[in-house]
Amino acid sequence: MAKKEVKTNAMRILDTMKIPYKHHEYECKEFVDGIHIADSLGLPHEKVFKTLVTVGADHNYYVFVVPIAEELDFKKCARAVGVKNVEMIPVKDINKVTGYIRGGTTSIGMKKNYVTKVAIQAKEQETIYISGGRIGSQLELSPDDLLKADNGEYADIIRD
């Protein structure tokens, strides 16, 4: 008998919105970075994206989805969301702010609907991979479908 797939909140939201995706699982007991995950799944780094959460000078939270090998340009990020500056939230606050844990954070289905910006590099890909909402889970979907699901927008947000 086949093992029943355990749906994450992100998967349930995609199902409800009738957004197509593929679920990929990998063995992992604790947090590993996105590059390790991409390598273990045999995926090109430019197709795998990580979700980063920041806090702005206005004390609001902002979510950025970027390729795993890239870094945020905080000035570009602040401009993209219309605040003076942004900085990463402390790791200890990830669950409290998003409802997800480090290594399993996705922009889909956070506790609140935060302003979300997806790196414009995603537009170059037919599909991208993002966290499925828990460690050991990746979702493959089109970048435009991600924007529908997380109410995001494309933006120039990574360091040159």
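Look above for the structure.
This report concerns the structure included in the present document.

Rules of the game
- Residues numbered from 1 in each chain as written.
- Predicted model: local features only at pLDDT ≥ 70, side-chain atom pairs only at ≥ 80, totals over all residues.
- Heavy atoms only, no water.
- Salt bridge = Lys/Arg side-chain N within 4 Å of Asp/Glu carboxyl O.
- Helix = DSSP H or I, 4+ residues; strand = E, 2+ residues; numbered from the N terminus.
- Buried < 20%, exposed > 50% of the residue type's maximum accessible area, 1.4 Å probe, protein only.
- Pairing = 2+ DSSP bridges.
- Axes fitted to C-alpha atoms, helices over the stretch in contact; angles between N-to-C directions.
- Contact = heavy atoms within 4.5 Å.

### Points about the pattern of salt bridges
1) Next: Evaluated as defined, the whole model comprises 9 salt bridges.
2) Next: For Lys-148, the salt bridge is made with Asp-145, and the minimal N-O distance between the two is 3.1 Å. Of this pair, Lys-148 and Asp-145 both sit in helix 5 (residues 143–150), 3 residues apart, which is roughly one turn of the helix.
3) Next: Owing to a relative accessible area of 11%, Asp-145 belongs among the buried residues under this scheme.
4) Next: Overlapping salt bridges, with partners in common, bring together Lys-76, Asp-156 and Asp-160 in one network.

### Thoughts on the sheet that holds strand 6 (residues 128–131)
The strands that make up a sheet are held in pairs by hydrogen bonds between backbone atoms, and each pair lies either parallel or antiparallel.
1) Next: Sheet architecture is open: 3 strands sit in the order 1-7-6, paired in antiparallel fashion. Looking at which strands have only one partner, the edges of the open sheet turn out to be strand 1 (22–25) and strand 6. Averaged over all pairs of adjacent strands, the angle between strand axes in this sheet comes to 30°, irrespective of strand direction.
2) Next: The pairing of strand 1 with strand 7 (residues 137–141) spans 4 bridges and is classified as antiparallel. Each bridged residue has a counterpart across the sheet, and for His-24 the counterpart in strand 7 is Gln-138.

### Details of the sheet that holds strand 4 (residues 86–88)
1) Next: Taking strand neighbours across the sheet as the criterion, the 5 strands line up as 4-2-3-5-8 in an open arrangement whose pairing is mixed. Each edge of the open sheet is held by one strand with a lone partner, namely strand 4 and strand 8 (153–155). Neighbouring strand axes in the sheet, compared pairwise and without regard to direction, differ in orientation by 40° on average.
2) Next: With 4 bridges connecting them, strand 3 (residues 61–67) and strand 5 (residues 115–119) associate as parallel partners. Opposite Phe-64, over in strand 5, you have Lys-117 as the bridge partner.
3) Next: Lying on the sheet, helix 3 (residues 74–81) is in contact with strand 2 (49–56), strand 3, strand 4, strand 5 and strand 8; it crosses strand 4 at an angle near 120°.

### Describing the environment of Val-115
1) Next: For Val-115, the position within the fold is in strand 5.
2) Next: The exposure class assigned to Val-115 is partly exposed, which follows from its relative accessible area of 41%.
3) Next: Note: C-alpha distance between Val-115 and Asn-60 (55 residues apart in sequence) is 9.0 Å.
4) Next: Not counting residues up to four positions away in its chain, the partners in contact with Val-115 are Tyr-61, Tyr-62, Val-63 and Val-81.

All quantities given are derived from atomic positions and should not be read as evidence of function.
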